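Commentary on secondary and tertiary structure
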Amino acid sequence: MKPLPITHITLYKHGVGYFERHADLSGEEVTLSFRVEDMNDVLKSLAVIDHGSGQVLGVDYATPQSREERLAGNSIRLDERRSLRDLLISLRGRRVRLLLDQQEAFEGLLLGLDELPKRQPLAASPVSLLLDEDERVQTAPLGRVRGVELLDEQAASDLRFFLETARSEETYRQVKIRLTPGEHELSVSYVAPAPTWRVSYRLVADGDAEQALLQGWGIFDNRLEEDLNEVSLSLVAGMPISFIYDLYTPFTPERPQIEEEARVAAGPVEFDRALEERREGMAPPERAAMAMSEAAPAAAPRAKARRAVDRDSLREAAPVDTEAEAMGELFQYRISTPVTVGRGQSAMVPILASDLSYRKDLLYNDSKLSTHPVASLRIKNETGLTLERGPITVYESGEYVGEAILPFTPAGAEFVVPYAVELNVKVYEEHGSSRQIHALSVEGAHVIIEEWRIQQRDYRLSNSADEAFSILVEHLRSGQYELFETMAAVETTDEFYRFAVDVPARGEARLRVKERRLISRREALQRQSFEQWQRYLQAGLIDRGTHERVVALLRLWEEIGDLKRRLQEIEQRREKVYRSQEQIQGNMQALSSSGKEGELRARYVRQLEESETQLAQLAQEETQARTTINRLESEIAERLKTLAE
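Now for a look at the structure at hand. (Residues numbered from 1 in each chain as written. Predicted model: local features only at pLDDT ≥ 70, side-chain atom pairs only at ≥ 80, totals over all residues. Heavy atoms only, no water.)

Another aspect to go through is the overall build of the chain. Helix and strand counts for the chain stand at 8 helices and 29 strands. By residue count, 39% of the 645 residues in the chain fall in the buried class. Carbon together with sulfur atoms contributes 47% to the accessible area of the chain, which is approximately 38000 Å² in total. (Helix = DSSP H or I, 4+ residues; strand = E, 2+ residues; numbered from the N terminus. Buried < 20%, exposed > 50% of the residue type's maximum accessible area, 1.4 Å probe, protein only. Areas by Shrake-Rupley, 256 points an atom, 1.4 Å probe, with all protein chains shown as cover.)

Following this line, the structure appears as structure tokens:
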């Protein structure tokens, strides 16, 4: 059978590939081999089409069992070194024809092989056979046996099954496509795990030119067990949804066991069949992806005598023959030139070459690289293509100057290539926070205080070079805070403000960024102090009339507080009198009414009379205090109404 070669491959970024095989062939079956771990994806996606006059009858594959599991019920098992001996033992009771030397042959039921002690040679072991023509057992030494003809169909089938199973590899499974007899134009497609394709870029800037060449190379691997010859290749940017679903492993769910019932049905029972347009912010480069070269700082002068890498020579050296196509959320690079890659080999193919406008900037962001700004190229993706994420190597004036990671960038969006650290500029940061009352108002018995929460960050930029620099300082944006008393940002991204700071040669420059957030809180007016309201008056947050009315209320609340403390003192004195009375009454119970005990008893009586007088006085003071409190609370309520008006 003619093999079915791969004619097209589409590789994705999430670990799968789409494979197409096509060939004109004749016959009734085609066999493909897949890794065991690939079978779930193959069974999930396999599509077979006969473009000729034939038909596809079905697809067969081996049940996923180990070799031992598959052979568990097989009657024939052969050892790798003593296959004839094991075959004769396994064929006991089966009809065979033994072919001996000297052209002798016997036919009958095989009784078996009798092994001799280990000291004697295996060839001398007798083979016994019950002959068909009479009731006689014929024996012959194993050494004379030249062949065995199986006359039992089941024995022959078991032997073939053992040999096919032994031949199959544990790591691979065969998929057999059954066809009608005749000629076929067969196409087979499927999805299978495949190493993700990668992309690497080169960015070549020629000195003071305003354009740079962006060149992209797609990298992929052939992990198949066959060579790829003249295969069309597509590389897809983006990530379609994909998952593993176990279709290969047999699954038998457990079912409840129901006991049989003696029941007669009257007849068959049947049921009826039932983002303003999203702003393209400048994607901040990731810290972990920033491969910087401190050996090539942005400000260092570079020799121009030798131009090892330039735009024209690089473009001519690797011409791009790629068609690009947008597919909704995905983007496909179709390599027009057929690709040939040997088994176990990898390859690089050019997929992009475009001149793009750029400008240089020095960007500082403490969360990405502390202390120093980074030399960066700001480029708009005018290629018309979606750029997949990958490493980018930067050349300037023919020399290597640094590396970075190009982020996933759709057509028309801007990307930033931070490629080297500017060591001549050092940045120091200080930050702090404070609070400032913005306004206050009185609502009933409460004061509403509006307060600014203020954050402040100071950037000090020191330049040790003999030339001036303009640094773009990135400051993190917060949706809850607003800028104030700060220079205008020259740019705003989804995450940061960018402030342009000019740093003189051998000098310093400072940037102060202040942000504030208005917070409102509600406090009880009664808990305010005279000193607080005096400060509010001095700060102009309240007028004189409001100040005086609130101070009058605070005095009333202060007086009520004094009275409530007096009530607590009265209660404490009353409890003390009660305890004294209890003690006196206890002492009196043990005294008689005559003699010295009578005199002592009379003195206790006078003490009780005095304590009752004290209790009466305390009750009178308590009544006066509570009356005064009620009057003051009524006055406060009236004053609060006036204050609200």
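A few words now on a nonpolar patch on the surface. Among the surface-exposed residues, I241, F243 and Y245 lie close enough to one another that they form a single nonpolar patch of about 410 Å² accessible area. Locating F243 in the fold gives a position in the loop between β15 (228-237) and α5 (311-317). (Patch = residues over 30% accessible without salt bridge, like charges linked within 9 Å, V, L, I, M, F, W, Y side chains within 5 Å. Salt bridge = Lys/Arg side-chain N within 4 Å of Asp/Glu carboxyl O.)

Throughout the structure, instances matching the rule amount to 41 salt bridges. For D101, the salt bridge is made with R144, and the minimal N-O distance between the two is 2.6 Å. With D101 in the loop between β6 (95-100) and β7 (105-113) and R144 in the loop between β9 (137-141) and β10 (145-150), the pair connects residues that are 43 residues apart, well separated along the chain. By relative accessible area, which is 22% here, R144 ends up partly exposed. Shared partners join several salt bridges into a network, and the residues in it are R359, D361, R378, E414, E474, E491 and R498.

What follows is about the sheet that holds strand β3 (residues 29-35). Taking strand neighbours across the sheet as the criterion, the 3 strands line up as β3-β11-β5 in an open arrangement whose pairing is antiparallel. Each having just a single partner strand, β3 and β5 (56-61) make up the two edges of the open sheet. On average, each strand axis in the sheet is tilted by 20° relative to the strand beside it, whichever way the strands run. Bridge count between β5 and strand β11 (residues 172-179): 5 bridges; the pairing is antiparallel. Bridged to V59 within β11 is I177. (Pairing = 2+ DSSP bridges. Axes fitted to C-alpha atoms, helices over the stretch in contact; angles between N-to-C directions.)

What follows covers the packing of helix α6 (residues 530-538) against helix α7 (residues 544-588). When two helices pack together, their arrangement is given by the angle between their axes and by how far apart the axes lie. Between α6 and α7, the least distance of the axes is 10 Å, while the angle of their chain directions is 180°. Looking at the two axes, α6 sits roughly antiparallel to α7. Here α6 contributes F530, W533, Q534 and L537 to the contact with α7, which in turn contributes R544, H547, V550, V551, L554, R555 and E558. Per-class residue counts for the contact of α6 with α7 are 6 nonpolar, 2 polar and 3 charged. (Parallel < 35°, antiparallel > 145°, perpendicular 65-115°, else oblique. Contact = heavy atoms within 4.5 Å. Nonpolar A, V, L, I, M, F, W, Y, C, P; charged D, E, K, R; others polar.)

A few words now on the environment of G384. Here G384 shows up in the loop between β19 (369-380) and β20 (390-396). Taking the C-alpha atoms as reference points, G384 and A326, separated by 58 residues in sequence, lie 9.8 Å from one another.

As a further point, take the pairing of strand β13 (residues 198-205). In terms of burial, β13 is largely enclosed, as 6 of its 8 residues are buried. Here β13 runs beside strand β14 (residues 211-221); their pairing, made up of 8 bridges, is antiparallel. The residue bridging V199 from the neighbouring strand is G218, located in β14. As paired elements, β13 and β20 share 5 bridges and run parallel to each other. Bridge pairing links A205 to E396 in β20.

We now examine the nonpolar core. Counting residues in each nonpolar core, the largest one holds 76 residues, and the members touching the most others are L214, F220, L233, Y333, I351 and I471. Those residues in contact with I471 that lie beyond four places of it in its chain are L362, Y364, P373, V425, L461, F499, A500, V501 and V503. (Core = buried A, V, L, I, M, F, W, Y, C linked by side-chain atoms within 4.5 Å.)

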